[in-house]
Amino acid sequence: MYYITLDLEWNQAYAEKALAVQRRLSCRLRGEVIQIGAVKMDRNMNICGSYQIIVKPKYFKKLHRHVSALTGITQEQMDMGTPLPEAAERFKKWCGKDFAFLTWGPDDIPMLKENFHVHDLESGWLEERVYDLQHIFNLQTDGLAKQRSLEYAMEHFEIPMNLPAHDALNDAYFTALVAQALDVPAGVAVYSKARGEFLEESVIGDADAGDDGYVTINEMLDDDVVKNPVCPICKRELTLCDKPLHSKGQRYTYHYHCKKDGDLLLSLKLHRNFNDTWRARRTVKKADETAIAEFRDGLERAEQARKTAKKRRVRHRRRSSGDKTAAAIAE
Ligand SMILES: [Zn+2]
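Since this is a predicted model, take the numbers as computed values, not measurements. (Residues numbered from 1 in each chain as written. Predicted model: local features only at pLDDT ≥ 70, side-chain atom pairs only at ≥ 80, totals over all residues. Heavy atoms only, no water.)

Trainee: For helix α8 (residues 168–181), give the residues involved together with the corresponding values.
Mentor: Between its first and last C-alpha, α8 extends 20 Å over 14 residues, near the 20 Å set by a 1.5 Å rise per residue. With respect to burial, α8 is a largely interior element, 10 of its 14 residues being buried. N-cap assignment for α8: the residue whose side-chain oxygen lies 3.0 Å from the backbone N of Leu169 is Asp167. (Helix = DSSP H or I, 4+ residues; strand = E, 2+ residues; numbered from the N terminus. Expected span 1.5 Å × (residues − 1). Buried < 20%, exposed > 50% of the residue type's maximum accessible area, 1.4 Å probe, protein only. Polar contact = N/O pair within 3.5 Å; in protein donor to acceptor, adjacent residues only side chain to side chain.)

Encoded structure:
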């Protein structure tokens, strides 16, 4: 089996345009892929090939200035690119039959799938075997479930960044170097076990799948599947133990307890639907003492951050009202 590291660059539309296109297509399209980069390794993790293609977008044709600044891709290059159906076919051919994708983070395959979907291209082959190297990296280094950047992993293994980043091929190459520093076959062997920790995993409010999205976040947080969930194992009602934790990237975590099955963490990761409503990936997993301690640490840190922010606001208010008094005296 071959391992293929994959990286994409995509173009974004300005908000209004993006919304209009998604409404018209009535499906999600967060960005249009403009570059595919990939590096192939054999079973011994030796690099044996690379692939790069610039893709011409169909809907978001104007290169966003942030994307241009980040990737160095020009409007002209993009205009001369290969349309996705053709690029996809060539890429599939290059991938071959017996391979697994290695990505850095969970975003690339869903993004590519979304793009395939708006072009009516078959996308099942993209998902057959995908491993997020971030998980394998975490598992084989400090065991923390954090999202680390590729730069972080490169620094960890002292891999020099001797090519410009944010080029799909360079990033795929860097990902391959990180993969070489890890024990990928071992990571793959325990991957589904390490990831299959969820007792329940679903998407709620998925407008793309034809559900009603939640108009507001509060509407979602008030839903019974969040507020009054039942235990996935014994179907009994659960008791809420702590305040919910709202963390970065619109994630909400709830600590519930089942009399029979113990502590559970219910987690929501919020995303915008194409029509501006909300959906969330909802997961429930068992939580041991360490997980609960980490959760409570998070709560404490959030509380501290809230207090600091409040103090700063009060200080700011005092200062501005003080200014006004001083100004009044001066008058
Ligand atoms: Zn239970």
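Next comes the rest of the description.
Trainee: Any chance you could break down the sheet that holds strand β2 (residues 32–41) for me, citing the residues and the numbers?
Mentor: In spatial order, the strands read β4-β3-β2-β1-β5-β6; together these 6 strands make up an open sheet with mixed pairing. Each edge of the open sheet carries a strand with a single partner, namely β4 (82–83) and β6 (130–132). Examined bridge by bridge, β2 and strand β3 (residues 47–56) share 7 bridges and lie antiparallel to one another. Its bridge partner lying in β3, Ile36 is registered against Ile53. (Pairing = 2+ DSSP bridges.)

Trainee: Explain the side chain of Thr82 to me, and be specific about the residues and the numbers.
Mentor: Mapped onto the secondary structure, Thr82 falls in strand β4. Setting aside chain neighbours within four positions, we find Thr82 in contact with Ile53, Ile54, Val55, Lys56, Ala87 and Arg90. (Contact = heavy atoms within 4.5 Å.)

Trainee: Describe a positive patch on the surface, with residues and values.
Mentor: Taken together, the side chains of Lys17, Arg24, Lys56, Lys58 and Lys61 present a region of like positive charge at the surface. The topology assignment puts Lys58 in the loop between β3 and α2 (65–71). Using a relative accessible area of 46% as the deciding quantity, one classes Lys58 as partly exposed. (Patch = residues over 30% accessible without salt bridge, like charges linked within 9 Å, V, L, I, M, F, W, Y side chains within 5 Å. Areas by Shrake-Rupley, 256 points an atom, 1.4 Å probe, with all protein chains shown as cover. Salt bridge = Lys/Arg side-chain N within 4 Å of Asp/Glu carboxyl O. Lys, Arg positive; Asp, Glu negative; His and termini not counted. Charge placed at Lys NZ, Arg CZ, Asp CG, Glu CD.)

Trainee: Outline the coordination of the zinc ion, listing residues and values.
Mentor: Around a metal, the idealised angle for a tetrahedral arrangement of four donor atoms is 109.5 degrees; for an octahedral arrangement of six donor atoms it is 90 or 180 degrees. Coordination of the zinc ion by the protein is provided by Cys231 (SG), Cys234 (SG), Cys258 (SG) and Asp261 (OD), with metal-donor distances spanning 1.9 to 2.3 Å. Around the zinc ion sit 4 donor atoms, and with donor-metal-donor angles ranging over 102 to 118 degrees the site reads as tetrahedral. In primary sequence terms, the donor set of the zinc ion follows C-x2-C-x23-C-x2-D. Here Cys231, found in the loop between α11 (224–227) and β8 (239–240), pairs with Asp261, found in the loop between β10 (251–258) and β11 (262–272); they are 30 residues apart in sequence, far enough to count as distant. The pair Cys231 / Asp261 is uniform in exposure class, with both members buried. (Donors = N, O, S within 2.8 Å, 3.2 Å for Na, K, Ca; no water. Tetrahedral: all angles 85-135°; square planar, octahedral: opposite > 155°, others 65-115°.)

Trainee: Requested: an account of the domain arrangement of the chain, with residues and values cited.
Mentor: The assigned domain composition of the chain is domain 1 (2–195) and domain 2 (198–295). Counting residues at the interface gives 8 residues for domain 1, matched by 10 residues for domain 2. Summing the contributions of domain 1 and of domain 2, the shared interface buries around 700 Å²; its carbon and sulfur component is 45%. Linking domain 1 with domain 2 are 1 salt bridge. Between Arg28 and Asp206 there is a salt bridge, with its nearest N and O atoms 3.3 Å apart. Ranked by the residues each element gives to the side of domain 1 that touches domain 2, the list is headed by helix α1 (residues 15–25), at 3 residues. Broken down by class, the residue content of the side of domain 1 that touches domain 2 amounts to 3 nonpolar, 2 polar and 3 charged. (Domains from an automatic or database assignment. Buried area = accessible area lost by both parts, 1.4 Å probe. Nonpolar A, V, L, I, M, F, W, Y, C, P; charged D, E, K, R; others polar.)

Trainee: Residues and numbers for the pairing of strand β1 (residues 2–11), please.
Mentor: The buried fraction of β1 is high, at 8 of 10 residues. Here 5 bridges tie β1 to strand β5 (residues 99–103), and the two strands are oriented parallel to one another. Each bridged residue has a counterpart across the sheet, and for Leu6 the counterpart in β5 is Thr103. Pairing analysis gives 9 bridges linking β1 to β2, with the strands arranged antiparallel. Its bridge partner being in β2, Thr5 is matched across the sheet by Val39.

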